[in-house]
Amino acid sequence: MTSVATRPGSGPVIQPADRQQVAEGVRQARQTGVSLGAPAADQSWDFSALTAEVLLNPPDMILTAETGHTLAHLKSTAAASGLWLPLDSCHPGPLSLAQYLAEDWSLSWLSQTYGTLRDWVMELSAINDRGEPVRSGARVVKNVAGYHLAPLYIGARHALGPVVEVSLRLIPSPAGLQRVRWSASNPNPLLDIWLQSAQAQRPEGNSNPWVALRLSGAGDRWSLEGLTQLSPDIAKSWADATTRSGPATVDRCAQPADEPALEGRPLLSAHCLPSRLRAVIAAAAEQHLPLVAYPGVGALIVHDGGRGESVQDRALTAWGAVLAAQEGWVRPLAGATLPAGLPRRPDDNAAQLAEVKSILDPDGLFGPMPEL
Amino acid sequence: MTLSPSLVRQLRRAVGAEHVDTGLAETQLFASDGLTLHQARPAGVVYPTSTAEVAAVVAACLAADTPFVARGAGTGLSGGAISDGGVIIQLSRMNQVLDIRPEDRYAVVQPGVVNSYLSLQTRPYGLEFAPDPSSQAACTIGGNVAENAGGPHTLKQGVTVNHVLGQKVVLATGRVASFGGPWHAATGPAFGSFLVGSEGTIAITTEVTVRLVPTPAHVITMLATYEAVGGATDSVSAILAAGILPAALEFIDKLCIQAVEAHLKVGFPTSAAAVLLIELDGDKALNSGQAVTVEALCRDNGASDFRRARSAEERQRLWLGRKHAAGAIGKISPAYYTNDGVVPRSRLTDILTQIYRIGKNYRLQVGNICHAGDGNIHPVILFDPDTADGADRAFACSADILTACLEMGGSLTGEHGIGLEKRDLMPRMYTPADLEQMRRLRDGLNPAGLLNPCKVLPEGARCGEVRGQATLPEGTWI
Ligand SMILES: Cc1cc2nc3c(=O)[nH]c(=O)nc-3n(C[C@H](O)[C@H](O)[C@H](O)COP(=O)(O)OP(=O)(O)OC[C@H]3O[C@@H](n4cnc5c(N)ncnc54)[C@H](O)[C@@H]3O)c2cc1C
């Protein structure tokens, strides 16, 4: 039977012990007319008990897991077989797959090479508004049979129905990784290093020297760090040659290292074109906004630096004006309330998703779609 | 099977009278796609040049309660781009590359741009569009988006959905909408990504923003020869298990090798049971080391010969052989049926064994080409359409092969889509609730049911059978 616990300061939380209980919870909610989901629904989910054994047959390079497992657990399960799930997150604190998927925390230092979560989900199982298990995709690394619903569910905070299991594509763990890091008192020389690595200064025979890359900081403390697969001596000499801010630190790492966690609460992700990122970062630095930027994809995450009061609405609005001028836009993260002046996604995605929501959840059983 | 005079008038107004065809001969040209086993003649064909024209055509068809289907090059292999008595929206005149932004790694194209033409345009910037279906010399980006096309190099680079950043579309309701844009790695729910692979049943794509990737600066292409099929498939597992992710890992069996050599003479060994075409790309030092490992693994698993392409020409010839392997079968058989299924990678040897057995049961020869690294098989079934049950046996053989894929935990299709061809097999892969969820979504987004009807989901009596040849009245000029 579905157990209902209560968290201090919030509504009831449903903790299903297995998928059948998720389905039963939905059917009960349907009968009683309460809404399920997070955060604005009457009740919210806690999927931490959905941890049936992870399925992985290494030669198939596909991993199937219920959504109570943590991302870290899935990555270490893959790593034990020499495989890699090239997804990461700068989210502070461990994330279950359900949480990772609900918000889509997959913008990371790996995104420029490996994209985001929706590039790796091959099969997704959810419970529909009738309390039935529904699945799309297959447990293979390539499949186009039928409509692939995963891109609609990822980041929808379970508002189209609770997601209970996913199958993820894996790749062989890359060999011979180096971790390279530079520091500087402002972001400009670090952006130069990235540009040079992406263009003229790239070592012979290598089209994209980066497996992962990020620039982070605030005020006068900035760093550029990443993972590269170049041989150690090439990585060292290239790193030294391309930096104007002193030699880089180069460490060997046996396995792909995880992205360092944010030192604050994430507020928003922002997107512009890579060529516009310098102006957007400069404006953020001017407003003392702490951030992590992913230069290869022109994206960044603004956080509160660990002290909520350090980010003023005024500073965000001033920065937002520069972002808008650079044709960028923001997406609020984890339900953050953002000042109205920030530019929002300029396409028809939100309107069309509202339509999808009305088709798949006409009675609004699963709570509202997140603001996009 | 004729359009109402008022609809013809509306269509002429939308795209210009000279760009509307309703004659028997002109419409017959569109009676099939690459899978000629399914045939249905449309009542009209229109050739728009812009989003606004497509929207006007859609509005006219909706008002006249007439089905409409988008079409690119018609190379699809699942009967997706055909219409029984409706209007074909032929997008070949929307063939412009609108913008290339090398600094931001994207291009904006119209849907009728041919796949390989796009990469030709971007190559001077050291960039390319990664999805490379074997039909790339003809198929269009719009068709690639609709089918979520793959290709030999999608093992490392991913399939079309991983390379589409944005789309402008005309929805089934006639509304023009845009999804995504030039931004990379946007997270959160994405309607545009859902559209990729929806087989032109939810929207018509009229503009696509694609991601461009750097052209690999260093490539090693290798050919391993085997006297037994199992050696080749075991080598595939061994290479991936060694932590190597090749750019491409392709399998070709004896029948296809012989067809290629009879036709193109690219240098494949005709006595071999199978060959593997293996390509590594990326860092030169890394590639060189991995190539040594790959050779050792192939030899350990029974490769009797192993060679590296020594020049760009030799590499091109090997790829020419691979990309024309299915077509070459046409030189040795009056007809053939190219199939598409997927198995978990570890079941590659098992499925090939099954395929040869199933072929024998139906007294049919079956050649095999596989995107082996992806577990994506393309059995090519040879048959004689002039024998009474030739096509029927080919269909039954195909259904058995696909059922075997499903029994091994695989899928009905890795890249060619469901279309009409596999529509009725969908209940073997999905539960009634799975299919109902897909149907709710499709019907909700395509409420009139006029955009590419009767495809993807089983429809029962609602849709007729369009298998077989569509016959023209005697004396028709074509
Ligand atoms: C020899 C050969 C080799 C092939 N190799 C491969 C391969 O390696 N990988 C692979 O994935 N496929 C392959 N294919 C299949 C085929 O080429 C692909 O599916 C291709 O993407 C179809 O493109 P097209 O322009 O020909 O589309 P069409 O055949 O014209 O249409 C295919 C489907 O897309 C829809 N469609 C087309 N354009 C649009 C649009 N603008 N908006 C909405 N819907 C649209 C149609 O309605 C139809 O449902 C091969 C085919 C052949 C004949």
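Worth saying up front: this structure is predicted, and the values here are computed from it rather than measured.

So, how was this worked out
- Residues numbered from 1 in each chain as written.
- Chains lettered and ligands numbered in written order.
- Predicted model: local features only at pLDDT ≥ 70, side-chain atom pairs only at ≥ 80, totals over all residues.
- Heavy atoms only, no water.
- Salt bridge = Lys/Arg side-chain N within 4 Å of Asp/Glu carboxyl O.
- Helix = DSSP H or I, 4+ residues; strand = E, 2+ residues; numbered from the N terminus.
- Buried < 20%, exposed > 50% of the residue type's maximum accessible area, 1.4 Å probe, protein only.
- Domains from an automatic or database assignment.
- Contact = heavy atoms within 4.5 Å.
- Buried area = accessible area lost by both parts, 1.4 Å probe.
- Polar contact = N/O pair within 3.5 Å; in protein donor to acceptor, adjacent residues only side chain to side chain.
- Expected span 1.5 Å × (residues − 1).
- Near = heavy atom within 4 Å.
- Nonpolar A, V, L, I, M, F, W, Y, C, P; charged D, E, K, R; others polar.
- Arc of directions from axis to C-beta.

(A) Looking closely at the pattern of salt bridges. All told, the structure shown has 40 salt bridges over all chains when counted by the stated rule. With a closest N to O distance of 3.0 Å, Arg139 of chain A and Glu123 of chain A form a salt bridge. Of this pair, Arg139 of chain A sits in the loop between strand 8 (133-137) and helix 5 (150-153) while Glu123 of chain A sits in strand 7 (residues 121-127); the two residues are 16 residues apart in sequence, bridging distant segments of the chain. With relative accessibility at 32%, the residue Arg139 of chain A sits in the partly exposed group. The salt bridge partner of Glu459 of chain B is Arg439 of chain B, with a shortest N-O separation of 4.0 Å. With Glu459 of chain B in the segment after helix 16 (432-445) and Arg439 of chain B in helix 16, this pair connects stretches of sequence that are 20 residues apart.

(B) Broad picture of the domain arrangement of chain A. Residue and element names in this part refer to chain A. Under the domain assignment used here, chain A contains domain 1 (45-173) and domain 2 (178-332). Taking only C-alpha atoms into account, the centre of domain 1 sits 26 Å from that of domain 2. Facing the 21 residues of domain 1 at the interface are 31 residues of domain 2. Of the roughly 1900 Å² buried between domain 1 and domain 2, counting both surfaces, carbon and sulfur atoms make up 63%. When the area that domain 1 buries against domain 2 is broken down by residue, the three leading residues are Cys90, Trp109 and Gln112, summing to 44%. Where domain 1 meets domain 2, there are one salt bridge. The interface formed by domain 1 and domain 2 holds eight residue pairs in polar contact (both at pLDDT 80 or more) in total. Where the side of domain 1 that touches domain 2 is concerned, the elements lending two or more residues are helix 2 (71-79) and helix 4 (111-114).

(C) Main features of helix 1 (residues 19-32) of chain A. Residue and element names in this part refer to chain A. A rise of 1.5 Å per residue sets the reference length of helix 1, with its 14 residues, at 20 Å; its end C-alpha atoms lie 20 Å apart and thus fit the reference within 8%. Of all the residues in helix 1, the buried ones are Gln21, Val22, Ala23, Gly25, Val26 and Ala29. For helix 1, the side-chain oxygen to backbone nitrogen distance between the N-cap and Gln20 is 3.2 Å, and the N-cap itself is Asp18. Positioned one or two residues after helix 1, Gly33 has a phi angle of 80°, which is positive.

(D) Geometry of the site of the ligand. All names here are of chain B. Surveying the vicinity of the ligand reveals 35 residues, the closest of which are Ala70, Thr75, Gly76, Ser135 and Thr140. A distance of 2.7 Å separates an oxygen atom of the ligand from a polar backbone atom of Gly72. Between Ser135 and the ligand, the recorded distance is 2.5 Å, taken from a side-chain N or O atom to an oxygen atom. At the level of secondary structure, the elements contributing two or more residues to the shell around the ligand comprise strand 3 (68-71), helix 5 (141-147) and strand 10 (203-211).

(E) Up close: the interface of chain B and chain A. Taken together, the contact pairs 84 residues of chain B with 75 residues of chain A. Each partner contributes to the roughly 6400 Å² buried at the junction of chain B and chain A, and carbon and sulfur atoms together form 56% of this total. Where chain B meets chain A, there are five salt bridges. Those elements giving two or more residues to the side of chain B that touches chain A turn out to be strand 9 (176-180), helix 7 (191-195), helix 10 (284-300), helix 15 (426-429) and helix 16 of chain B. The element that contributes the greatest number of residues to the side of chain B that touches chain A is helix 16 of chain B, accounting for 10 residues. Here the residues of the side of chain B that touches chain A are counted per class, giving 36 nonpolar, 32 polar and 16 charged.

(F) Region of the structure containing helix 10 of chain B. Residue and element names in this part refer to chain B. Its 17 residues place the ends of helix 10 24 Å apart at the C-alpha level, agreeing with the 24 Å of an ideal helix rising 1.5 Å per residue. Regarding helix 10, the residues found buried are Asn287, Gln290, Ala291, Val294, Leu297 and Cys298. Across the axial projection of helix 10, the buried residues extend over an arc of 135°, all falling on one side. Along helix 10, exposed side chains directed more than 90 degrees from the buried face belong to Val292 and Asp300. Looking at the buried residues of helix 10, the elements they touch are strand 12 (219-226), helix 8 (229-241), strand 14 (274-281) and strand 15 (303-308). Looking one or two places after helix 10, you find Gly302, whose phi comes out positive at around 105°.

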